[in-house]
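Given next are the chains, with one letter for each unit.
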Amino acid sequence: MSKSNQKRENLTLRLQPFEDTLDAQILHYIKRDGVKQQNQKVWQALRMAYAAIAYLEGGNLTAQQLRQLGLDNFNALLQHAYYVRQSLLLPETPQILIEDKSQTEDYVKSSQEEEHKQEISQSEQTLLEKQSGELF
C-alpha cells in the first residue's frame, strides 16, 4: 500500500506552561526553529524514550529487531546524556540525584542566584582592581 493510501494516526498536543517555568523554557528552546525542526525535535525525544517499549507492548518486530531498536534507543539516550553532560560541564558520575520537580526548581533558582552572586563578585573585583590601579 502506498503512503498516500495509508490511514494516519493522529495526536493533537497542546502545551501551555506558565511563563518563567522550566517547561516554558523547554518550549522556547523547541520553538526557536521552524515548524519542521520543532516536529523533528519532539519526534526524536519520543522515539528515544518510547519506541522500544511501544514495540515491546504492541509491535510486530522479531526478537532481534526489537533488541536492535532497544539498543538504538539506548544509544540515542546515552548520546543525548553525554551532550547534556558536556554542555553543562557535569562530572561523569552525578553526585546529586534530583528526586522530584520541586527540587529541580529549587536547584535552578539556587543556580541562578549563585550565578548572580558570581557576576556581582566579578563586578566588585573589577571595580577594586580599577580603583587600586588608580591609587598607584
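Preceding this section is the structure that the text describes.
Described in the following lines is the structure provided in the data block. Predicted model only: the values in this text are computed from it and were never measured.

1. Brief notes about the overall build of the protein chain
In terms of helices and strands, the protein chain carries four helices and zero strands. Starting at the N terminus and ending at the C terminus, the protein chain contains elements arranged as α-α-α-α. For the protein chain, buried positions account for 8% of its 136 residues. Taking all contacts inside the protein chain whose residues are at least 6 apart in sequence as the whole, residues at least 24 apart take part in 25%. Accessible area of the protein chain: about 13,000 Å², with a carbon and sulfur share of 54%.

2. Brief notes about helix 3 (residues 63-88)
Each α-helix winds once per 3.6 residues, and so residues spaced three or four apart point in a common direction. For helix 3, spanning 26 residues, the distance from its first C-alpha to its last is 37 Å, which sits close to the expected 38 Å at 1.5 Å a residue. Residues of helix 3 that are buried: L69, N73 and R85. Its buried side turned inward, helix 3 meets helix 2 (35-58).

3. Quick notes on helix 1 (residues 22-31)
When we look at burial in helix 1, the residues that qualify are A24, L27 and I30. Seen from one end, helix 1 has its buried residues packed into an arc of 120 degrees, which puts them on one side. Turned more than 90 degrees away from the buried face of helix 1, the exposed residues are Q25 and H28. In this fold, the buried residues of helix 1 make contact with helix 2.

4. Considerations on the pattern of salt bridges
This structure, assessed with the given rule, holds one salt bridge. When the shortest N-O distance is used, the salt bridge between D33 and K41 registers 2.7 Å.

Thresholds, definitions, all that
Residues numbered from 1 in each chain as written. Predicted model: local features only at pLDDT ≥ 70, side-chain atom pairs only at ≥ 80, totals over all residues. Heavy atoms only, no water. Helix = DSSP H or I, 4+ residues; strand = E, 2+ residues; numbered from the N terminus. Buried < 20%, exposed > 50% of the residue type's maximum accessible area, 1.4 Å probe, protein only. Contact = heavy atoms within 4.5 Å. Areas by Shrake-Rupley, 256 points an atom, 1.4 Å probe, with all protein chains shown as cover. Expected span 1.5 Å × (residues − 1). Arc of directions from axis to C-beta. Salt bridge = Lys/Arg side-chain N within 4 Å of Asp/Glu carboxyl O.

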